[in-house]
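# Examining the three-dimensional arrangement
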Amino acid sequence: MAAAPLKVCIVGSGNWGSAVAKIIGNNVKNLQKFASTVKMWVFEETVNGRKLTDIINNDHENVKYLPGHKLPENVVAVPNLSEAVQDADLLVFVIPHQFIHKICDEITGKVPKKALGITLIKGIDEGPEGLKLISDIIREKMGIDISVLMGANIASEVAAGKFCETTIGEAAEGPSTGSTQLLQKLMQTPNLSVTVMKYPGSAPPLWSLQNIVAVGAGFCDGLRCGDNTKAAVIRLGLMEMIAFAKIFCKGQVSTATFLESCGVADLITTCYGGRNRKVAEAFARTGKTIEELEKEMLNGQKLQGPQTSAEVYRILKQKGLLDKFPLFTAVYQICYEGKPVTEMLSCLQSHPEHI
Ligand SMILES: NC(=O)c1ccc[n+]([C@@H]2O[C@H](COP(=O)([O-])OP(=O)(O)OC[C@H]3O[C@@H](n4cnc5c(N)ncnc54)[C@H](O)[C@@H]3O)[C@@H](O)[C@H]2O)c1
């Protein structure tokens, strides 16, 4: 890693990307180790007849993805990805996971190898070699050291300065490089408590599975099942998350990691507050497709839960494990195979945990 001051580039500028830009932009002003300007790569689009980058750089607000929150003036929106990352010492990846291959391919070779990365992206990738973590994709494609940040962090609440916790995990094996402590300083605020952990294997990045459970929770809300049923979805979903991690993670998976903010807390907040829950509730009530609702309700934000359920479904099917994950399977089949939403309840009643 380069000597100070370290230049930070945020790769992404959606809802979470912009909330994080607010934190990082403010924190670097008080941390000598970091350069005072933070670049933020923005996927350019026109909003109310103006370029989004111009709006951010002049009005200091991402009016499309995080309206109502001023960004610090030292956060500079850059529309050209290669230009944004070219001299970065620290890359913060925060884009919807479906774009990760494209982004990495575009910047590989343009970022100094000594750069450090952190991914805030939820999701897993299901390629020809099976399941892959987003952190592994970035590490393999770009050859940089990469950590992971996950937690019970709904972007609008973090941006509003409401207290929450998050977890930074060093996904790499081997001795600690101390880089996660640096990342902790970059992210920590009095209202964002950051715990640093060194995880065995690659368990924590799999927490994107909670978005599948959140879709199940949203179905129950749409069916007006009540909180007891939703608690059953959360519990059984957690059991499937743990089982999935134990089967698919390299190395030993400690159940204790599920008690961190990136585990059970993230699961709870996503099942009560996130966009996946919200759209799934509307799906159950309106009968519209997931794609229609994503367009209608999210103003360009991306859903993760249904797509992750499809990726997980294909992996489980290939391994002959569908019957061990009835909740994940039901979410996929309701979203994409025309099964009735009430299938969610049948799946709870006949879950292997109850037999
Ligand atoms: N929003 C949250 O509360 C939250 C919290 C924790 C983690 N996350 C995770 O953070 C990641 C980023 O989510 P977000 O909420 O910042 O994004 P978002 O869904 O709010 O916004 C979508 C982003 O994708 C960009 N985009 C659209 N088309 C694109 C294309 N073709 N190529 C590249 N980019 C394109 C848009 O410009 C926008 O910045 C996701 O993995 C999400 O699960 C989100």
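Structure first, text after, so check above.
Summarised in this report is the structure supplied together with it. (Residues numbered from 1 in each chain as written. Predicted model: local features only at pLDDT ≥ 70, side-chain atom pairs only at ≥ 80, totals over all residues. Heavy atoms only, no water.)

### What to know about the sheet that holds strand β12 (residues 192-198)
- Read from one edge to the other, the open sheet built from eight strands follows the order β5-β2-β1-β6-β7-β10-β11-β12, with strand pairing classed as mixed. The sheet is open, and its two borders are formed by β5 (75-78) and β12, each paired with just one other strand. Across the sheet, the mean angle from the axis of one strand to that of its neighbour is 25 degrees, orientation sign disregarded.
- When strand β1 (residues 6-11) meets strand β2 (residues 34-41), the two strands line up parallel, connected through five bridges. Bridge pairing in β2 places I10 opposite M40.
- Its contacts with the sheet put helix α7 (residues 179-187) on β1, β2, β6 (90-93), β7 (116-119), β10 (145-150), β11 (164-170) and β12, and the angle it makes with β12 is roughly 170 degrees. (Pairing = 2+ DSSP bridges. Helix = DSSP H or I, 4+ residues; strand = E, 2+ residues; numbered from the N terminus. Axes fitted to C-alpha atoms, helices over the stretch in contact; angles between N-to-C directions. Contact = heavy atoms within 4.5 Å.)

### Some thoughts on the pairing of β1
- Among the six residues in β1, five count as buried, and that is most of the element.
- A crossover connection joins β1 to the parallel β2 through helix α1 (residues 15-28); in handedness this β-α-β unit is right-handed.
- Taken together, the four bridges between β1 and β6 define a ladder with parallel strand orientation. Among the inter-strand pairings, V11 is bridged to a residue of β6, identified as F93. (Buried < 20%, exposed > 50% of the residue type's maximum accessible area, 1.4 Å probe, protein only. Right-handed = clockwise from strand over helix to strand, strands pointing away.)

### A short note on helix α2 (residues 52-59)
- Among the residues of α2, those classed as buried are L52, T53, I55 and I56. In a view along the axis of α2, the buried residues occupy a sector of 160 degrees, so they form one face of it.
- Those residues of α2 hidden inside the fold are in contact with β2, β3 (46-47), β4 (50-51) and β5. (Arc of directions from axis to C-beta.)

### Examining the packing of helix α8 (residues 210-222) against helix α11 (residues 275-286)
- Close contact between α8 and α11 brings their axes to 7 Å; oriented N to C, the two are set at 40 degrees. As far as their axial angle goes, α11 and α8 are oblique. The way α8 lies across α11 gives a crossing that is right-handed. Judged by residue contacts, N211, A214, V215, A217, G218, F219, D221 and G222 of α8 engage N276, R277, A280, E281, F283, A284 and R285 from α11.
- Grouping the amino acids of the contact of α8 with α11 by side-chain chemistry returns seven nonpolar, four polar and four charged. (Parallel < 35°, antiparallel > 145°, perpendicular 65-115°, else oblique. Left-handed = near helix turned anticlockwise from the far one by under 90°. Nonpolar A, V, L, I, M, F, W, Y, C, P; charged D, E, K, R; others polar.)

### With respect to the site of the ligand
- Near the ligand lie 25 residues; those nearest to it are N15, K102, A155, R275 and K302.
- At 2.7 Å from an oxygen atom of the ligand is found a main-chain nitrogen or oxygen belonging to K302.
- Bound to the protein, the ligand loses 91% of the 840 Å² it would expose on its own.
- Here the shell around the ligand takes three residues from α1, the largest share from any one element.
- Partitioned by chemical class, the residues of the shell around the ligand number 12 nonpolar, eight polar and five charged. (Near = heavy atom within 4 Å. Polar contact = N/O pair within 3.5 Å; in protein donor to acceptor, adjacent residues only side chain to side chain. Areas by Shrake-Rupley, 256 points an atom, 1.4 Å probe, with all protein chains shown as cover.)

Function-wise, these values are silent; they only describe arrangement.
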